[in-house]
Amino acid sequence: MSTGKGYLGAVSKSRPNLHVVKNALVTKFDLDGETVKEVKFERAGVTHRVKVTKDVVISAGAIDSPALLLRSGIGPSKHLKELGIPVKLDLPGVGRNLQDHVLVPVFLRMDEGQGEPMTDQAALDSIYQYLIYRAGPLAAHSTASLVGFINTNASSDGAYPDTENHHMFFQRAHHASLELFTKGLSIQDQYTEVLQEYLKDSHLLCVFVLLSHPAARGELRLKSTDPKVPPILTSNYLTESEDVATLMRGIRYIESLEQTKAFQDHLAEIARIPIKECDQIENYRSEEYWRCYAKYFTVTCYHQSGTVKMGPDYDNEACVSQRLKVHGLENLRVADASIMPAVVSANTNAATVMIGERAAHFIQEDYQGEAVGANGGLWVPHMHADEF
Ligand SMILES: Cc1cc2nc3c(=O)[nH]c(=O)nc-3n(C[C@H](O)[C@H](O)[C@H](O)COP(=O)(O)OP(=O)(O)OC[C@H]3O[C@@H](n4cnc5c(N)ncnc54)[C@H](O)[C@@H]3O)c2cc1C
C-alpha cells in the first residue's frame, strides 16, 4: 500500500480544502523575516507562486528537503555564499548528519545438485497464482520476507541489535530473478556471471548484513542553484572503524549459521566469488579477506536520513524542534526521514509514516478550535494558488 493512496487517496474526494498538484517541482520558498510568505513551483514549464496564509510542511525526503531549504537561503551561511544564494537564515545543520544503512550481501549455495530447478511452467503457475489469488512467490515481500535483528556484540550493553539481516532466496535455474537482483544492487557483471554459474546446479540464498546504527556521518551539499541539478551526497560509508568491525561480526554470524544442522542439511556453503584483489590475500575468509570483499560488495539500503536533524536549539546541528518546526522560523515544518537525529534501527518507511502522523497531530494541536475539516477530521492548512 502506498502512503499516497492510503492517506491522500482516502480523503481526496471528501476534503474540499485539500488540493493536490501533481507533476510539480517545488523550487523555492520566499521568506519575509521569520515567516515563509510564498512557495514557488514549476509545472509543465510554467512557474507558479503559492501565497502562504498559515503553515508550510516540507516532506521532500532526506535528499530533497535539505536541498530545498538550501536553495531558499536556509542553511550554513558559508555554503550558501559559495553558491551566491542570499542567506535568509544561518542554520549550520542543514545537509549535515547524513546517515544510511549500508549492507554487505553474502551469498550461500544450497542443495547443490539436489535442488528442484525453476521451470517455465512453474514461473507461469506463480503468475497465475498471483493474478487470481494474490498468493504464491510473487506475493512475497522479497528481501523483507524473513528479517533478523542480531546483536553481534555480546559484550556490548547497547539496548538494540547492531545488525539486521534480510534474506533473498533464488531457486535453482531462476536466472532472470538473480539478474534483476544483482542489477538492482549494482553488482559488477563479472561477479553476476559467477553467481549465475552457481545457480545452474544450486539454489542461492543471499543474506544482507546491514549496519543498523552507523557511526559514520555524511553530508549533502548543493552542486548548483538549479533545482533540476541533484545535490552532492558524501556518504562516508565505512569511514569509522567501529562500523567495519560490526559488519565483520555480522559476516561471522552468517558463517556460524552455515555450520548449523539446518543449513548443513541443505549443503549450505558460502559461495566463493573470485575477486582479483581479495584473492591475493593468503587466508580465504580471514578478516582481511572480508574487509576486501566488503569494498567490492557494500551497497546502500536507500535509507538516507538525518539531513534536517530534529533537536534542541542549543544543538548546533539541529534544524527542527521536537514539534518539527524549523528553528528560527514561524511557519515552516519538515516532516520526513530527514528529521531523524539518528537513523532508526530497522527499515525507514514505517518510521517516516509515523513522523508524518506526528506532524499532523502537532498542526492539529496548534490550530485547535480554529477550523475543522469537512468530515470533522484533521484541519488541513489551505493555500491559494494564483496563476494556476
Ligand atoms: C529503492 C528503495 C527501496 C526501499 N525499500 C524499503 C523497504 O523495503 N522498507 C522500508 O521501510 N523502506 C524502504 N526504503 C526507504 C523508504 O522508501 C524511505 O525511507 C521513505 O520513503 C522516506 O520517506 P520520505 O517521505 O522521507 O521521502 P520520500 O518517500 O522520498 O518522499 C519524498 C517525496 O517528495 C517528492 N519531492 C522531492 N523533491 C520535491 C520537490 N522539489 N518538489 C515536489 N516534490 C518533491 C519526491 O518525488 C517524493 O515523492 C526504500 C527506498 C528506496 C529508494
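Residues numbered from 1 in each chain as written. Predicted model: local features only at pLDDT ≥ 70, side-chain atom pairs only at ≥ 80, totals over all residues. Heavy atoms only, no water.

## A closer look at the layout of surface pockets
Approximately 650 Å³ is the volume found for the second largest pocket. Around the second largest pocket, the lining is made up of 21 residues, and of these Pro137, Met168, Phe169, His174 and Ser177 lie nearest the centre. Those elements giving two or more residues to the lining of the second largest pocket turn out to be helix H4 (120-133), strand E9 (163-170) and helix H5 (175-184). For the lining of the second largest pocket, the residue count by class is 14 nonpolar, 7 polar and no charged. (1 Å grid on protein atoms, 1.4 Å probe; cavity = no way out; pocket = protein on both sides within 12 Å on 5 of 7 lines; lining within 4 Å. Points joined across faces, edges and corners; volume = space filled by probe spheres on them. Helix = DSSP H or I, 4+ residues; strand = E, 2+ residues; numbered from the N terminus. Nonpolar A, V, L, I, M, F, W, Y, C, P; charged D, E, K, R; others polar.)

## Description of the site of the ligand
Around the ligand sit 15 residues, and of these Val26, Ala337, Asn347, Thr348 and Asn349 come closest. Within the backbone of Ala337, an N or O atom sits 2.9 Å from an oxygen atom of the ligand. Contacts to the ligand include Thr348, whose side-chain N or O atom sits 2.6 Å from an oxygen atom. Protein chains shield 52% of the accessible area of the ligand, which is 1000 Å² for the free molecule. (Near = heavy atom within 4 Å. Polar contact = N/O pair within 3.5 Å; in protein donor to acceptor, adjacent residues only side chain to side chain. Areas by Shrake-Rupley, 256 points an atom, 1.4 Å probe, with all protein chains shown as cover.)

## Quick notes on the environment of Gly61
Looking at where Gly61 falls in the secondary structure, it is placed in helix H2 (residues 61-71). Residues Gly61 and Ser305 lie 244 residues apart in sequence; the distance between their C-alpha atoms is 8.0 Å. Setting aside its immediate chain neighbours within four residues, Gly61 contacts Pro66, Asp336 and Ser338. (Contact = heavy atoms within 4.5 Å.)

## Details of unusual backbone geometry
The backbone of Arg134 shows a phi angle near 50 degrees, a positive value even though the residue is not glycine. Assignment of secondary structure puts Arg134 in the loop between H4 and strand E8 (147-150). By relative accessible area, Arg134 is classed as exposed at 53%. (Buried < 20%, exposed > 50% of the residue type's maximum accessible area, 1.4 Å probe, protein only.)

## Observations concerning the packing of helix H7 (residues 241-258) against helix H10 (residues 287-297)
H10 packs onto H7 with a crossing angle of 110 degrees between their chain directions and a minimal axis gap of 10 Å. The orientation of H7 with respect to H10, classified from their angle, is roughly perpendicular. Of H10, the residues touching H7 (which contributes Val244, Met248, Ile251, Arg252 and Glu255) are Glu287, Trp290, Arg291 and Ala294. (Axes fitted to C-alpha atoms, helices over the stretch in contact; angles between N-to-C directions. Parallel < 35°, antiparallel > 145°, perpendicular 65-115°, else oblique.)

## What to know about empty space enclosed by the protein
The full count for this structure, using the stated rule, is 1 cavity of 30 Å³ or more. Here the largest cavity is characterised by a volume of approximately 60 Å³. Every residue lining the largest cavity is listed: Leu98, Gln99, Asp100, Val102, Pro214, Ala216, Gly218, Ser235, Tyr237, Leu238 and Asp243. Split into classes, the residues belonging to the lining of the largest cavity amount to 6 nonpolar, 3 polar and 2 charged.

## Some points on the packing of aromatic side chains
What the rule picks out here adds up to 10 aromatic pairs. Here the aromatic rings of Phe181 and Phe208 are separated by 5.9 Å at their centres, their planes lie at 15 degrees, and the arrangement is stacked. Placement of Phe181 in helix H5 and of Phe208 in strand E10 (residues 203-211) is noted, with a sequence separation of 27 residues between them. We classify Phe208 as buried; its relative accessible area is 5%. Between the aromatic rings of Tyr289 and Trp290, the centroid separation amounts to 5.3 Å while the plane-to-plane angle is 75 degrees, which identifies the pairing as edge-to-face. (Phe/Tyr/Trp six-rings, centres within 6.5 Å; stacked < 30°, edge-to-face > 60°.)

## Description of the UniProt feature "domain: Glucose-methanol-choline oxidoreductase N-terminal" (unreviewed entry) in the protein chain
What UniProt calls "domain: Glucose-methanol-choline oxidoreductase N-terminal" (unreviewed entry) maps, in this numbering, to residues 61-75. In residues 61-75, the share of helix is 73% and the share of strand is 13%. The end C-alpha atoms are 16 Å apart. (UniProt positions renumbered as here; feature names shortened; annotations may be inferred.)

## Section: the nonpolar core
Membership of the largest hydrophobic core comes to 47 residues, with the highest contact counts inside it found for Phe107, Leu108, Phe170, Phe181 and Tyr293. Contributions of two or more residues to this core are made by strand E7 (102-110), E9, H5, helix H6 (189-199), E10, H7 and H10. Considering every element that reaches this core, the biggest residue donor is E10, with 8 residues. Contact partners of Phe170, with chain neighbours within four places excluded, come to Ser177, Leu178, Phe181, Leu199, His203, Leu204 and Cys206. (Core = buried A, V, L, I, M, F, W, Y, C linked by side-chain atoms within 4.5 Å.)

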